[in-house]
Amino acid sequence: MKIAAMVGALGVLVCLSAEPARAATCDSLAALALKDTRITVAQLVPAGHFSAPGEQPNTGRGANPYKDLPAFCRVAATLTPTSDSDIKVEVWLPASGWNGKFQAVGNGGWAGVISYAAMADAVRAGYASASTDTGHVGGRGTFALGHPEKLIDFAWRSEHEMTVKAKSVIQSFYGSAPRLSYWNGCSTGGRQGLKAAQMFPDDYDGIIAGAPANRTAISLWIADAVLKDPASYIPPSKYPIIHQAAVAACDAHDGLKDGLIDDPTSCRFDPAVLACKGADGPACLTAPQVAAAKKIYSPAVNPRTGQELFSSLVPGTELGWGVQALGPEPSANIYDQYRYVVFKDPNWDWKTFNFDSDVVRGDLPENLIMNATDPNMKPFFSRGGKLLLYHGWSDPNVPTLNTIKYYKSVVDNLGGPANASTSVRLFLAPGMGHCRGGEGPDVFDKVGALEAWVERGNAPERMTASHSTDGKVDRTRPLCPYPQVARYTGTGSIDDASNFVCRAP
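What you see is a predicted model; the values in this text were computed from it and never measured. (Residues numbered from 1 in each chain as written. Predicted model: local features only at pLDDT ≥ 70, side-chain atom pairs only at ≥ 80, totals over all residues. Heavy atoms only, no water.)

This next bit is on unusual backbone geometry. Cis peptide bonds are those with omega within 30 degrees of zero, and the linkage from G327 to P328 qualifies with 5 degrees. Inspection of the secondary structure puts P328 in the loop between α8 (322-325) and α9 (332-342). Look at the link from Y482 to P483: it is a cis peptide, with omega at 10 degrees. Following the sequence through the fold, P483 ends up in the loop between β13 (472-479) and β14 (485-488). Phi is positive for C435, which is not a glycine, with a value near 75 degrees. Tracing the backbone through its elements, the reader meets C435 in the loop between β11 (424-429) and α14 (446-456). Of note in this structure, D470 is not a glycine but carries a positive phi near 55 degrees. (Helix = DSSP H or I, 4+ residues; strand = E, 2+ residues; numbered from the N terminus.)

The element α9 is largely enclosed, with a buried count of 9 among its 11 residues. When we look at burial in α9, the residues that qualify are I334, Y335, D336, Q337, Y338, R339, Y340, V341 and V342. Close packing links the buried residues of α9 with α3 (148-174), α5 (218-226) and α10 (357-362). Once α9 ends, the next one or two residues include K344, with phi positive near 55 degrees. (Buried < 20%, exposed > 50% of the residue type's maximum accessible area, 1.4 Å probe, protein only. Contact = heavy atoms within 4.5 Å.)

Moving on, we get to the packing of α3 against helix α4 (residues 188-199). One can describe the packing of α3 onto α4 by two numbers: an axis separation of 10 Å at closest approach and a directional angle of 70 degrees. Looking at the two axes, α3 sits roughly perpendicular to α4. Taken as a pair, α3 and α4 cross one another with a handedness that is right-handed. Along the contact surface, α3 presents F154, A155, W156 and E159, while α4 presents R191, Q192, K195 and M199. Partitioning the contact of α3 with α4 into residue classes produces 4 nonpolar, 1 polar and 3 charged. (Axes fitted to C-alpha atoms, helices over the stretch in contact; angles between N-to-C directions. Parallel < 35°, antiparallel > 145°, perpendicular 65-115°, else oblique. Left-handed = near helix turned anticlockwise from the far one by under 90°. Nonpolar A, V, L, I, M, F, W, Y, C, P; charged D, E, K, R; others polar.)

As a further point, take the sheet that holds strand β4 (residues 101-105). Read across the open sheet, the 9 strands follow the order β1-β2-β3-β5-β4-β6-β7-β10-β11; overall the sheet is mixed. Looking at strand neighbours, the two that pair on one side only are β1 (37-45) and β11, the edges of this open sheet. On average, each strand axis in the sheet is inclined to that of its neighbour by 15 degrees, with strand direction left out of account. Pairing of β4 with strand β5 (residues 128-132) involves 3 bridges; the strand directions are parallel. Bridge pairing links A104 to A130 in β5. In this fold α4 packs onto β6 (180-186), β7 (206-210) and β10 (386-392), with an angle of close to 140 degrees to the strand it touches most, β6. On the sheet, α14 packs against β4, β6, β7, β10 and β11 and is oriented at approximately 155 degrees with respect to β10. (Pairing = 2+ DSSP bridges.)

Among the 5 residues in β5, 5 count as buried, and that is most of the element. Covered by surrounding structure in β5 are A128, A130 and T132 together with S129 and S131, the residues of both alternating faces. As paired elements, strand β3 (residues 87-94) and β5 share 4 bridges and run antiparallel to each other. What sits directly across from E90, in β5, is S131. You can see the chain leave β4, run along helix α2 (residues 116-124) and come back into β5, and the turn it takes is right-handed. (Right-handed = clockwise from strand over helix to strand, strands pointing away.)

In structure tokens, the structure reads:
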């Protein structure tokens, strides 16, 4: 009897030690009192049973994308830091196997949704996670008209409020605060990560910021090139021939003909090589189309002063030009910025845009409160924060050159590369599109690289990226810390990352 009692007691102790001490059950989090917060959902979701609100489970491509999601405590809340705020957030807490860390995930475009898929990835990896809709519903900028507080919510306040509240929820559920906090985002999410580091350097220990989507008038610049004059319009059917010509001109510049442009800034591609010899045809460009393509590749300039305003796209982006050049209007992300934020007129006509006075107006601080271009990251870095930047060279949405400019400004602010390399690194991916996709390797372990850097002091010297076709990996390549580039060793398969080294260009 005594032995049985001892065994039973030991079993209880084992069970108790398998889980972290908790100060609250999942259901009881519904009564958690947090400033400016109303918790609307606090429920335990069994493994494989989550379906995103508004989605029909087990439909679409034949399977629930969350079927392999482990059990977690789902907390949803509405935050109202101002009388005009309506910020929705969700915090997901693994029911078992929590790694003791927090990973917040970012948004895309104008946000307006919770990033469920990204949260699911974090929870699968053992993280507690959080996401916000940034204070409005829907992926357009219409909410900003007449609502300056909602614009601030979108710009930065929603992410910070979410972070503070999520850490409180984690503390309440597990009985301990997260030992480390990470941000993981691309596009708008990349911009959000930079904004967090600049404004709230204590919020995160490590930040992944991909293709940060700081606002410029690039969509209006491209629309001016291809949409204002019908003769300049380049039909999408011609994008592939422009792309093929660009690759033919630039591919071998790095010493390896592999179908990828390693560094578009080092090649000089002139779309005039495609000029029609006679009548217009599917394999050539008319004179107005040649001029339009050249403008897309060129930085925006002030027509009065000749001053460069902002970067545009580079050779290698052509297959994605439809994002900005398809028409009949400019890309909604930037068009909405000028309609609802800058001019505050839903009927504003982009064709009237002046690249002198209107750029000045668009760049007023009150219109760019969402941008995260402050090069002073010293408060974030001084407490040990690490920033991992990445961008695809074939990004047709956000100019890669803008990210390079920002990275260089941060490095200069820190006193040069030697001082900066322990805190910030930039990785450029040849052939990768906006955040993912494209002809180049686009899948790599960003989170693992950041963990090794923050937790073990191992700064990323290279990251192996893979490209897949029909679900099968067919190429791997190293991504190197800028300005280093991957160079072929001369032996072995050019589709195997082990046959490449990172070195200065």
